[in-house]
Amino acid sequence: MGTYASSTHTGLHGSARTRVFMTCAMAALAGLLFGLDIGVIAGALPFIAKDFQVSDHLQEWIVSSMMVGAAVGALAAGGLSFWLGRKYSLLLGAALFIVGSLLCASAPNPAFLIGARLVLGVAVGIATFTAPLYLSEIAPGQVRGAMVSAYQLMVTVGILVAFLSDTAFASSGAWRWMLGVVAIPAGIFLLGVLALPNSPRWLMMKNRNDEARKVLNSVRPETAVVEQEMKDIARQLQVKEQGFSLLRKNRDFRRSLALGIGLQVVQQLTGINVVMYYAPRIFGLAGYSGHQAQLWGTVIVGVVNVVATFIAIGLVDRWGRRPILLTGFGVMTVGMGALGWLLHLGVSTHAEQLFAVAMLLIFIAGFAMSAGPMIWILCSEIQPIKGRDFGIAASTFTNWVANTVVGATFLTLLNSLGHAQTFWLYAVLNAAFIAFTFFFVPETRGVPLEKIEENLLAGKPLREIGR
Ligand code: BGC
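Residues numbered from 1 in each chain as written. Predicted model: local features only at pLDDT ≥ 70, side-chain atom pairs only at ≥ 80, totals over all residues. Heavy atoms only, no water.

Trainee: Would you mind going over the overall build of the chain with me for this structure?
Mentor: Counting secondary structure elements, the chain contains 21 helices and zero strands. In summary, the chain has a C-alpha radius of gyration of 22 Å against a globular reference of 23 Å for 467 residues, a match within 12%. Taking the principal axes of its C-alpha atoms as reference, the chain extends roughly 70 × 45 × 40 Å. Looking at the chain residue by residue over its 467 residues, the buried ones come to 56%. At a minimum sequence separation of 6, the contacts of the chain that also span at least 24 residues come to 82%. For the chain, the accessible surface area stands at approximately 18200 Å², while carbon and sulfur atoms represent 68% of it. Averaged over its 33 positive side-chain charges, the chain has a centre that lies 4 Å from the centre of its 23 negative ones. (Helix = DSSP H or I, 4+ residues; strand = E, 2+ residues; numbered from the N terminus. Rg over C-alpha atoms; globule rule 2.2 N^0.38 Å. Buried < 20%, exposed > 50% of the residue type's maximum accessible area, 1.4 Å probe, protein only. Contact = heavy atoms within 4.5 Å. Areas by Shrake-Rupley, 256 points an atom, 1.4 Å probe, with all protein chains shown as cover. Lys, Arg positive; Asp, Glu negative; His and termini not counted. Charge placed at Lys NZ, Arg CZ, Asp CG, Glu CD.)

Trainee: Before we go on, may I ask you to explain the environment of valine 316 in this structure?
Mentor: Turning to its location among the elements, valine 316 is positioned in the loop between α15 (291–315) and α16 (321–345). In this structure valine 316 comes out as buried when scored by relative accessible area, which is 4%. Placed 130 residues apart in sequence, valine 316 and glycine 446 show a C-alpha to C-alpha distance of 10.0 Å. Discounting residues that sit within four places of it in the chain, valine 316 has contacts with Arg321, Ile324, Met374, Ile377 and Arg445.

Trainee: How should I be thinking about unusual backbone geometry in this particular structure?
Mentor: Across the chain, the bulk of peptide bonds are trans and the bulk of non-glycine residues have phi less than zero. Positive phi is not limited to glycine here, since glutamine 53 has a value of about 55 degrees. Mapped onto the secondary structure, glutamine 53 falls in the loop between α2 (14–52) and α3 (56–83). With a phi angle near 60 degrees, asparagine 207 is a residue other than glycine that sits in the positive phi range. With respect to the helices and strands, asparagine 207 occurs in the loop between α9 (200–205) and α10 (209–219).

Trainee: Before we go on, may I ask you to explain the pattern of salt bridges in this structure?
Mentor: A complete count under the given rule lists ten salt bridges for this structure. Between glutamate 229 and arginine 220 there is a salt bridge whose closest N-O contact spans 2.6 Å. For glutamate 229, a relative accessible area of 5% corresponds to the buried category. Between glutamate 464 and arginine 467 there is a salt bridge, with the nearest N and O atoms lying 3.9 Å from each other. For glutamate 464, a relative accessible area of 27% translates into the label partly exposed. Members of the salt-bridge network, linked through shared partners, are Asp210, Arg213 and Glu227. (Salt bridge = Lys/Arg side-chain N within 4 Å of Asp/Glu carboxyl O.)

Trainee: So what exactly am I meant to see when it comes to the packing of aromatic side chains here?
Mentor: Ring pairs (aromatic) are described by centroid distance and by the angle formed between their planes. Inspection of every chain in the model, using the stated rule, returns twelve aromatic pairs. Consider the rings of phenylalanine 253 and phenylalanine 390, whose centres lie 6.2 Å apart with planes at 50 degrees: the pair is tilted. With phenylalanine 253 in helix α13 (residues 251–269) and phenylalanine 390 in helix α19 (residues 388–416), this pair connects stretches of sequence that are 137 residues apart. What makes phenylalanine 253 buried here is its relative accessible area of 0%. Positioned over the ring face of phenylalanine 82 is lysine 206, at 4.1 Å from the centre of the ring. For the cation-ring pair, arginine 463 lies above phenylalanine 438, with the distance from its terminal atom to the ring centre recorded as 5.0 Å. (Phe/Tyr/Trp six-rings, centres within 6.5 Å; stacked < 30°, edge-to-face > 60°. Lys NZ or Arg CZ within 6 Å of the ring centre and 35° of its normal.)

Trainee: Where do I start with the confidence of the model for the chain in this structure?
Mentor: Parts of the prediction with low pLDDT should not have their coordinates interpreted in detail. Mean pLDDT over the chain: 89, with 96% of residues reaching 70 or higher. Helix α20 (residues 419–440) holds the highest mean pLDDT among the elements of the chain, 98, whereas helix α1 (residues 2–7) holds the lowest, 34. (pLDDT = per-residue confidence, 0-100.)

Trainee: Teacher, can you tell me more about helix α8 (residues 183–194) here?
Mentor: Because an α-helix completes one turn every 3.6 residues, residues spaced three or four positions apart along the sequence face the same direction. Over its twelve residues, α8 extends 16 Å from the first C-alpha to the last, a length consistent with the 16 Å expected when each residue adds 1.5 Å. Turning to α8, its buried residues number three or more, namely Ala183, Pro185, Ala186, Phe189, Gly192 and Val193. Next to the buried residues of α8 lie α2, α4 (86–105) and α7 (175–180). (Expected span 1.5 Å × (residues − 1).)

Trainee: Help me out: how do you make sense of the packing of α13 against α20 in this one?
Mentor: The packing of two helices is summarised by the inter-axis angle and the distance between the axes. As a packed pair, α13 and α20 sit with axes 10 Å apart at the nearest point and diverge in direction by 150 degrees. Taken together, the axes of α13 and α20 are roughly antiparallel relative to one another. Crossing hand, α13 versus α20: left-handed. Side by side, α13 and α20 meet where Leu259, Gly262, Leu263, Val266 and Leu269 of the first sit next to Tyr426, Leu429, Phe433, Phe436 and Phe440 of the second. Residues that form the contact of α13 with α20 fall into these classes: nine nonpolar, one polar and no charged. (Axes fitted to C-alpha atoms, helices over the stretch in contact; angles between N-to-C directions. Parallel < 35°, antiparallel > 145°, perpendicular 65-115°, else oblique. Left-handed = near helix turned anticlockwise from the far one by under 90°. Nonpolar A, V, L, I, M, F, W, Y, C, P; charged D, E, K, R; others polar.)

Trainee: Would you explain the site of the ligand in this entry?
Mentor: Around the ligand lies a shell of 13 residues, among which Gln152, Gln267, Gln268, Asn273 and Trp376 are the nearest. At 2.9 Å from an oxygen atom of the ligand is found a side-chain nitrogen or oxygen belonging to glutamine 267. Tryptophan 376 is positioned such that a nitrogen or oxygen atom in its side chain is 3.0 Å from an oxygen atom of the ligand. Protein contacts shield 100% of the accessible area of the ligand, which totals 310 Å² for the unbound molecule. Listing elements by their share of the shell around the ligand, those giving two or more residues are α6 (144–170), α13, α18 (371–381) and α19. (Near = heavy atom within 4 Å. Polar contact = N/O pair within 3.5 Å; in protein donor to acceptor, adjacent residues only side chain to side chain.)

Trainee: Help me out: how do you make sense of a positive patch on the surface in this one?
Mentor: A cluster of like positive charges, contributed by Lys240, Arg248, Lys249 and Lys386, occupies part of the molecular surface. Summarising the element assignment, lysine 240 is placed in the loop between α11 (223–238) and α12 (243–249). A residue is classified by how much of its surface remains accessible, and lysine 240, at 62% relative accessible area, is exposed. (Patch = residues over 30% accessible without salt bridge, like charges linked within 9 Å, V, L, I, M, F, W, Y side chains within 5 Å.)

Trainee: Is there a simple way to explain the environment of leucine 417 in this structure?
Mentor: With respect to the helices and strands, the residue leucine 417 is situated in the loop between α19 and α20. Each C-alpha atom, one on leucine 417 and one on leucine 102, is 37 Å from the other, the two residues being 315 residues apart in sequence. Here leucine 417 is in contact with Thr412, Thr422 and Leu425, once residues within four sequence places are set aside.

Here it is, written out as structure tokens:
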């Protein structure tokens, strides 16, 4: 990738440009679906709870079954995208998205709904692993970095669209429609994926070099570029991926793996998905008792999430990862801490309600401008090439496991620890992550991946592998 990326400009013409654009649009749609499925449950949950008369504990499982499925899907996706190829994995994901959404919409009872969300989760897990992988293998080198952030942006857009659609269906309480309409973008995704070419890197893994050359010719500006890229891929493929055995043999890989896993645990323990899944409930705690007010509040959460992601995209290559993360965790500590404090004192006046909402939004903005995109970027940068697929699969899997734990414990925490204490717990965790960032997170801004790998394997402390 190095030679190709540094020696050419995009320089794409006509059909090649359309092809690349279509390809990116498809992968972005996968991000959108991921976001839709994260977002949709918040607005639907209150109506589901009413219809089925389910306990808080069962609600937690309705929310979390999707994440359990996603963890399974992310695990399976590594093998699937190797055996079936990236394109057909995405296709399988798309089909499961449609089936899962329709099953959710038609669920006759809570147990069925939990099963349906499990299926949907497998789709999300496959898509979240395969789409960025496919993207990085087919997008021209110069736009690869921007792609990861753009993907996260689409996740936030998906969440917002889901919140909006929840609100639109709310007056009728039509939770089945809320869950079912996701099948429409999933159908578009399926048709789009059918039109995608196979990943050239995967074709070369399968010794189908002629086909790989054909695909590359259709998405690159000239043949010289294609031949150079094929040489680069062939050289990279000689480095045998070692996953498990590397894990046993190499202490430095264990360190980068632990960092990737740690980063994803940290991202989830900020408490972000407590808000994404239970926002209406939190607005309820803050004194907004009507469904409409709760849902509009939730839409505002979605808007702030999208807008603040732009801040991250603008800053990431200027400030660097560490200052952004340190700032973000600081902001999140304040937001969660103040919200807990308000709940402790009791929210009664209108001014107090507004203040509570402001604190919630500050928390969201803090996340979206920092840990949201930054953690995914760092996880894709820190693994040595021999263990990259394995390392990224492990950290993505962890994201979903931690996500499940957070989603499955929030209502229990509220009921056992108390409202204020639950938010304080998240405030304390965010404060601790300032220290985590300070001691363990490297600054990788503008550093070539080869350099990061060299430093890691030379045994430098993790926070210094970007120097
Ligand atoms: C996280 C998701 C979260 C989303 C919110 C992503 O980076 O991995 O768990 O729901 O951001 O925008």
